[in-house]
Amino acid sequence: MTTKYHQILGDHRGKLIAIESGIDVPFEVKRVFYIYGTQSGIPRGQHSHHETKQYLIVVSGSCKVTLDNGNEKTTYKLNQPNLGLFQDRMVWGEMHDFSEDCVLLVLASEHYDEEDYIRNYDEFLEMYNV
Ligand code: TYD
């Protein structure tokens, strides 16, 4: 499944969501990064990865994520902090339509390595011949 709703734990003090590596996400998490200070008209991403799998959670605000396996594009709206989106390796991803308060948390299966990126769309299509 690509999207998943996580259990919201909480009480009168507020809410809490726990994400465990290899349990709540389908890989061991080696890296975490987050994106904020974005603008609605300026998309990000626009790349795929040879190896890296990612799990995206908008912890504040909202954005849209379009995933493209070369044959099919699907756009997901992430607007709840308990909603996670899995982006497999070799899937082209673009994040767009950010709200001003958007904080997009990304859990990644690999350490950062620019060599793992495919930033050219034609190359992506050719490489995987999908
Ligand atoms: P970039 O890949 O352009 O961001 P996006 O995920 O929105 O496409 O990354 C922006 C800059 O940050 C670029 O110089 C690479 C660097 N970066 C790291 O150093 N480590 C990381 O884990 C990530 C995701 C990016």
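Criteria and thresholds
- Every chain's residues receive numbers from 1 upward, in the order its sequence appears when written.
- Since the coordinates come from a predicted model, pLDDT governs what is reported: local features require at least 70, and pairs of side-chain atoms require 80 or more to be given and counted, while whole-chain, interface and lining totals use all residues.
- Side-chain measures were taken over the full set of non-hydrogen atoms in the model, leaving aside hydrogen atoms and water.
- We count a stretch as a helix when DSSP gives it H or I for four or more residues in a row; a strand needs E for two or more, and each element gets its number in order from the N terminus.
- Each radius of gyration is computed over the set of C-alpha atoms, and the globule rule expresses the reference value as 2.2 Å times the number of residues to the power 0.38.
- Burial classification: accessible surface area is computed with a 1.4 Å probe over protein chains only, and a residue below 20% of its type maximum counts as buried, one above 50% as exposed, and the rest as partly exposed.
- In this description, contact between two residues means that some pair of their heavy atoms is separated by no more than 4.5 Å.
- Any residue with a heavy atom lying within 4 Å of a molecule or strand is counted as near it.
- N or O atoms closer than or at 3.5 Å make up a polar contact, with two conditions inside protein: a donor-capable atom paired with an acceptor-capable one, and, for residues adjacent in sequence, both atoms drawn from side chains.
- Methods summary: accessible areas were calculated by the Shrake-Rupley approach with a probe of 1.4 Å, and residue burial reflects only the protein chains presented.
- Think of a salt bridge as a Lys or Arg side-chain nitrogen and an Asp or Glu carboxyl oxygen that are within 4 Å of each other.
- UniProt positions are given in the numbering used here, feature names are shortened, and annotations may be inferred rather than shown by experiment.
- DSSP calls a pair of strands paired once it identifies at least 2 bridges connecting them.
- Think of each axis as a best-fit line through the C-alpha atoms, taken over the contacting stretch in the case of a helix, with angles from 0 to 180 degrees between the N-to-C directions.

This part covers the overall build of the protein chain. Within the protein chain, the secondary structure is distributed over one helix and 12 strands. Counted from the first residue to the last, the protein chain has its helices and strands arranged as β-β-β-β-β-β-β-β-β-β-β-β-α. A compact globule built from 130 residues would reach a C-alpha radius of gyration of about 14 Å, and the protein chain, at 15 Å, matches this within 12%. In terms of principal-axis extent, the alpha carbons of the protein chain reach across some 55 × 35 × 25 Å. Within the protein chain, the fraction of its 130 residues that count as buried is 37%. Contacts in the protein chain between residues at least 24 apart in sequence constitute 77% of all its contacts with a sequence separation of at least 6.

Around the ligand, the structure places Arg 31, Phe 33, Ile 35, Arg 44, Gly 45, His 47, Tyr 112, Tyr 117 and Arg 119. Arg 44 has a polar side-chain atom sitting 2.6 Å from an oxygen atom of the ligand. Coverage of the ligand by the protein amounts to 60% of the 520 Å² it exposes when considered alone. Sorting the residues of the shell around the ligand by element identifies β4 (31-35) and β5 (44-49) as the ones contributing at least two each.

Let us now look at the pattern of salt bridges. For the structure on display, the rule yields four salt bridges. One salt bridge in this structure joins Asp 11 and Arg 13, with 2.7 Å as the shortest N-O distance. With relative accessibility at 71%, the residue Arg 13 sits in the exposed group. Taking the shortest distance from any N to any O, the salt bridge between Lys 30 and Glu 110 comes out at 3.6 Å. Placement of Lys 30 in the loop between β3 (14-16) and β4 and of Glu 110 in the loop between β11 (103-108) and β12 (117-118) is noted, with a sequence separation of 80 residues between them. For Lys 30, a relative accessible area of 44% puts it in the partly exposed group.

A separate point is the environment of Val 32. Here Val 32 is to be found in strand β4. When its relative accessible area of 49% is taken as the criterion, Val 32 is described as partly exposed. Spatially, the C-alpha atoms of Val 32 and Tyr 55 are 9.6 Å apart, while their sequence positions differ by 23 residues.

Another point: the UniProt feature "domain: Sugar 3,4-ketoisomerase QdtA cupin" (unreviewed entry) in the protein chain. Here the UniProt feature "domain: Sugar 3,4-ketoisomerase QdtA cupin" (unreviewed entry) sits at residues 9-127. Helix makes up 6% of residues 9-127 and strand 45%, with an end-to-end C-alpha separation of 43 Å.

Moving on to the side chain of Ser 48. Note on placement: Ser 48 falls in strand β5. Setting aside residues no more than four positions away along its own chain, Ser 48 makes contact with Met 90, Val 91, Trp 92, Asp 116, Tyr 117, Ile 118, Phe 124 and Tyr 128.

Attention now moves to the sheet that holds strand β1 (residues 3-5). Consider a sheet: its strands pair through backbone hydrogen bonds, and that pairing is either parallel or antiparallel. A sheet is described by the order of its strands in space; here five strands give the open sequence β1-β9-β6-β11-β4, paired in antiparallel fashion. The open sheet terminates on both sides in strands that have one partner only, identified here as β1 and β4. Taken pair by pair, the neighbouring strands of this sheet meet at an average axis angle of 25 degrees, ignoring direction. Relative to strand β9 (residues 83-87), β1 runs antiparallel, the two sharing three bridges. The residue of β9 that forms the bridge with Thr 3 is Leu 85.

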